[in-house]
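This is what each chain is made of:
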Amino acid sequence: MIDFWPLIGIGIITIGFMLRLNTLLVILIAGVVTGLIAHLQIIEILSILGSSFTQNRYMSLFILILPMIGLLEHYGLKERAEILISSMKNASVSKVTFAYLLLRKVTNAMGLSLGGHPSMVRPLIAPMAEAAAVTENPSITDNQRLRVRAFAAVSENFGNFFSQLIFIGSGGLLLIKGVLNEAGYTMELDDMYVWALPSALASIIIFFLFSKIEQKKATAVLKASEKPEC
Amino acid sequence: MLEYVYQATGLLLIVFAVQTFTDKSNKKRIGTGLFWLIYGFSFTFGLLLPDWFVGVMVLLMTLIAACGLMGIGSYGTSEEKFRMASAKKLKNSLFIPAIIIPVGTILWSKTTGSSALIGLGISSVLALIVALVITKGTVQQSVHEGRRLIDTIGWAAILSQFLAALGYLFGEAGVGDTVSQIVKEIIPNNNLFAYVLCYTFGMALFTIIMGNAFAAFAVITTGVAIPLLMIEQGGNPIIIGVIGMLSGYCGTLMTPMAANFNIVPAALLALKNKNQIIFLQLVPGLLMLTINTFLIYFLAF
């Protein structure tokens, strides 16, 4: 007979997240309840929390990088990235979004979070892609425009997610290391980031294909938009 | 040596805290400052204090965060015009300090053989020095800017360490055993491919539910990957862990729970269908998930 009680923690997390309660609080409650189910005393649970926290301090070493990044941003790091993107010649929907994807991946691999929906996609990438689409297809419909904009957001997510773990000091790698460490598996960061590369490459290829599809969809002159001649 | 890196991190956090307490424009400077102060102390005194005490400190930080006592201040940030002019002047040299981090870390561990984490710590300091030289900025400026970034991250800065503790508690309570027993009921005959599929799709599914791959990772890896893929089948934990996390990210592409990536941008871009981004990401996301499954199956065993 399977003992289902340990799964209460998962249930608490699921419900807590759906109710949009504070993440830390939800995880804390889930952890404490799970510990109590495992017949641990409160003081033992607190000790586990504390010792785990201390042992895993290395997971937050990205904090040391913040002053450097903040300083570079102060002196125009994001603006420099914008200049690089804007200087692209012969823009098209697929070129703009694909180039941005590559930029996002390369800078992510260096540990720089240069992109973002409010800071790059909305003011720069989406308008550029849309403008490129309109230039190629003057009879573009509203729905086609919206789709191009949405796809610009996709380039941000696809570019961002599948390059996160290439950066050797990323929070994700540190978490993986920590969780597996607790289970007795040791590993070094410089062995780990390498295994993020196959998926990154795959995501570049997949995105390239889809950007070509979106390019076709955006520049297709739809019969519905052809106005009848008087 | 690693302890020195922790001391440096703790010190930086304490400086952040002091700057916060004196930042009158931050309406929540007491709560915010306290959070960074306690967090900083956990770094500098972590080994000296009894575990349960650190546990209480973690509790306090959680309460500060949950009660919404953290906020944003002012950091002496530059104006748009200044940044544009500076970007034109410094050009691509701006990227040099950033590249030092991965290059320095890898070089360190290759030449000295000791932990890459120490390399990370040393590279961070080196990169900051190089950045100061290139930009001709001040140390105080850099710390304020660092504080700007960490205030934006907020309480989420401690999330990773938190989740590691959760993973451990789940392990103690037998969550792993329960989940792997359930999986075994569904998949008889030790079918390796089915196990891998369970893990990658489990990661994606749980990320869809929770909206956060990090939280899913602690649970699903402990419940599925460790008992079934690593212990029973002897798979390579590094490959399984890294590509497993990437499978979770596939889930992030498909869920409205990951609001910052999928729903908020839809509003920012004035899309009529607030789920359009998710819709466009479904097929590529599933393709990536399938690829990741095959990658683990072929590379990790």
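As the structure is a prediction and not an experimental result, all values here were calculated from the model.

(A) The arrangement of the overall build of chain A in detail. What chain A contains, in helices and strands, is eleven helices and zero strands. If you list the helices and strands of chain A from N to C, you get α-α-α-α-α-α-α-α-α-α-α. What you see for chain A is a C-alpha radius of gyration of 23 Å, clearly larger than the 17 Å of a compact globule of 230 residues, by over 25%. If one aligns the C-alpha atoms of chain A with their principal axes, the spans along those axes are about 85 × 45 × 30 Å. A burial count over chain A gives 59% of its 230 residues as buried. When contacts within chain A are restricted to residue pairs at least 6 apart in sequence, those whose partners lie at least 24 apart make up 69%.

(B) Main features of helix α12 (residues 237–252) of chain B. Residue and element names in this part refer to chain B. In a regular helix each residue adds 1.5 Å, so 16 residues correspond to 22 Å; α12 covers 23 Å between its end C-alpha atoms and thus fits that length. Extensive coverage of α12 is indicated by the burial of 16 of its 16 residues. Two or three places before Ile 238, at the start of α12, stands the capping residue Asn 236, its side-chain oxygen 2.8 Å from that residue's backbone nitrogen.

(C) Focus on helix α3 (residues 42–55) of chain A. With 14 residues, α3 of chain A should cover 20 Å at 1.5 Å per step; its first-to-last C-alpha distance of 20 Å lies within 8% of that length. Those residues of α3 of chain A lying buried are Ile 45, Leu 46, Ile 48, Leu 49, Gly 50, Ser 52, Phe 53 and Thr 54 of chain A. If you follow the buried residues of α3 of chain A, they end up packed against α2 (23–37) and α9 (171–182) of chain A together with α2 (29–44), α3 (51–66) and α8 (159–173) of chain B.

(D) Layout of the interface of chain B and chain A. With 142 residues of chain B at the interface, the matching set in chain A holds 117 residues. Summed over the shared surface of chain B and chain A, the number is two salt bridges. Glu 3 of chain B is the partner of Arg 57 of chain A in a salt bridge, and the nearest nitrogen-oxygen pair spans 3.1 Å. Along the contact surface separating chain B from chain A lie 17 residue pairs in polar contact (both at pLDDT 80 or more). Along the lines of polarity and charge, the residues of the side of chain B that touches chain A split into 92 nonpolar, 37 polar and 13 charged.

(E) Highlighting the packing of aromatic side chains. Evaluated as defined, the whole model comprises 18 aromatic pairs over all chains. A ring pair is formed by Phe 161 of chain A and Phe 261 of chain B, whose centres lie 4.8 Å apart and whose planes are at 90°; its orientation type is edge-to-face. In this pair, Phe 161 of chain A sits in helix α8 (residues 142–161) while Phe 261 of chain B sits in helix α13 (residues 259–262), so the two residues belong to two different chains. By relative accessible area, Phe 261 of chain B is classed as partly exposed at 28%. Relative to Phe 45 of chain B, the ring of Phe 41 of chain B has its centre 5.5 Å away and its plane inclined at 45°; by these criteria the two rings are tilted. Pairwise contacts between aromatic rings join Phe 53 of chain A together with Tyr 6, Phe 35, Trp 36, Tyr 39 and Phe 43 of chain B into one cluster. Between Lys 177 of chain A and the ring centre of Tyr 58 of chain A, over which it is positioned, the NZ or CZ distance is 5.5 Å.

(F) Main features of a nonpolar patch on the surface. Residues and elements named next belong to chain A. Together, Leu 201, Ile 205, Phe 208 and Leu 209 line one region of the surface with nonpolar side chains, adding up to about 390 Å² of accessible area. Following the sequence through the fold, Leu 201 ends up in helix α11 (residues 197–219). Among the residues examined, Leu 201 registers a relative accessible area of 52% and is labelled exposed.

(G) Here's a closer look at empty space enclosed by the protein. Evaluation of the coordinates by the stated rule reveals one cavity of 30 Å³ or more. Taken as a whole, the largest cavity spans an internal volume of roughly 60 Å³. Lining the largest cavity are Ile 27, Leu 28, Gly 31, Val 32, Ile 45 and Leu 49 of chain A together with Phe 162, Ala 165, Leu 166 and Leu 169 of chain B. Among the secondary structure elements, those contributing two or more residues to the lining of the largest cavity are α2 and α3 of chain A together with α8 of chain B. Looking at the lining of the largest cavity residue by residue, the classes come out as nine nonpolar, one polar and no charged.

(H) Highlighting the packing of α11 of chain A against helix α15 (residues 276–299) of chain B. The N-to-C vectors of α11 of chain A and α15 of chain B enclose an angle of 150°; their axes lie 10 Å apart at closest approach. Here α15 of chain B runs roughly antiparallel to α11 of chain A, going by the angle between their axes. Helix-helix and strand crossings are classified by hand; for α11 of chain A and α15 of chain B the assignment is right-handed. Counted together, Pro 198, Ser 199, Ala 202, Ser 203, Ile 206, Phe 210 and Glu 214 of chain A of α11 of chain A and Leu 280, Val 283, Pro 284, Leu 287, Met 288, Ile 291, Asn 292 and Leu 295 of chain B of α15 of chain B form the full contact between these two elements. Grouping the amino acids of the contact of α11 of chain A with α15 of chain B by side-chain chemistry returns eleven nonpolar, three polar and one charged.

(I) Broad picture of the nonpolar core. Residues and elements named next belong to chain B. Residues Tyr 39 and Tyr 199 are the most contacted members of the largest nonpolar core, which totals 167 residues. Counting residues per element, this core draws most heavily on helix α11 (residues 213–232), which supplies 13 residues. Sequence-distant contacts of Tyr 199, that is, excluding residues within four places in its chain, are made with Phe 217, Ile 220, Thr 221, Val 224, Ala 225, Leu 229, Ile 240, Gly 241, Gly 244 and Ile 296.

(J) Molecular detail of the pattern of salt bridges. One pass over the structure, following the stated rule, counts ten salt bridges over all chains. Of the charged contacts in the structure, one is a salt bridge between Glu 73 of chain A and Arg 148 of chain B, with a shortest N-O distance of 2.9 Å. Taken together, the residues Glu 73 of chain A in helix α4 (residues 66–74) and Arg 148 of chain B in helix α7 (residues 139–153) connect one chain to another. Both residues of the pair, Glu 73 of chain A and Arg 148 of chain B, count as buried. Three or more residues are tied together by salt bridges with common partners; here these are Glu 73 of chain A together with Glu 145 and Arg 148 of chain B.

About the cut-offs
- Residues numbered from 1 in each chain as written.
- Chains lettered and ligands numbered in written order.
- Predicted model: local features only at pLDDT ≥ 70, side-chain atom pairs only at ≥ 80, totals over all residues.
- Heavy atoms only, no water.
- Helix = DSSP H or I, 4+ residues; strand = E, 2+ residues; numbered from the N terminus.
- Rg over C-alpha atoms; globule rule 2.2 N^0.38 Å.
- Buried < 20%, exposed > 50% of the residue type's maximum accessible area, 1.4 Å probe, protein only.
- Contact = heavy atoms within 4.5 Å.
- Expected span 1.5 Å × (residues − 1).
- Polar contact = N/O pair within 3.5 Å; in protein donor to acceptor, adjacent residues only side chain to side chain.
- Salt bridge = Lys/Arg side-chain N within 4 Å of Asp/Glu carboxyl O.
- Nonpolar A, V, L, I, M, F, W, Y, C, P; charged D, E, K, R; others polar.
- Phe/Tyr/Trp six-rings, centres within 6.5 Å; stacked < 30°, edge-to-face > 60°.
- Lys NZ or Arg CZ within 6 Å of the ring centre and 35° of its normal.
- Patch = residues over 30% accessible without salt bridge, like charges linked within 9 Å, V, L, I, M, F, W, Y side chains within 5 Å.
- Areas by Shrake-Rupley, 256 points an atom, 1.4 Å probe, with all protein chains shown as cover.
- 1 Å grid on protein atoms, 1.4 Å probe; cavity = no way out; pocket = protein on both sides within 12 Å on 5 of 7 lines; lining within 4 Å.
- Points joined across faces, edges and corners; volume = space filled by probe spheres on them.
- Axes fitted to C-alpha atoms, helices over the stretch in contact; angles between N-to-C directions.
- Parallel < 35°, antiparallel > 145°, perpendicular 65-115°, else oblique.
- Left-handed = near helix turned anticlockwise from the far one by under 90°.
- Core = buried A, V, L, I, M, F, W, Y, C linked by side-chain atoms within 4.5 Å.

Nothing here speaks to function; it is all geometry.
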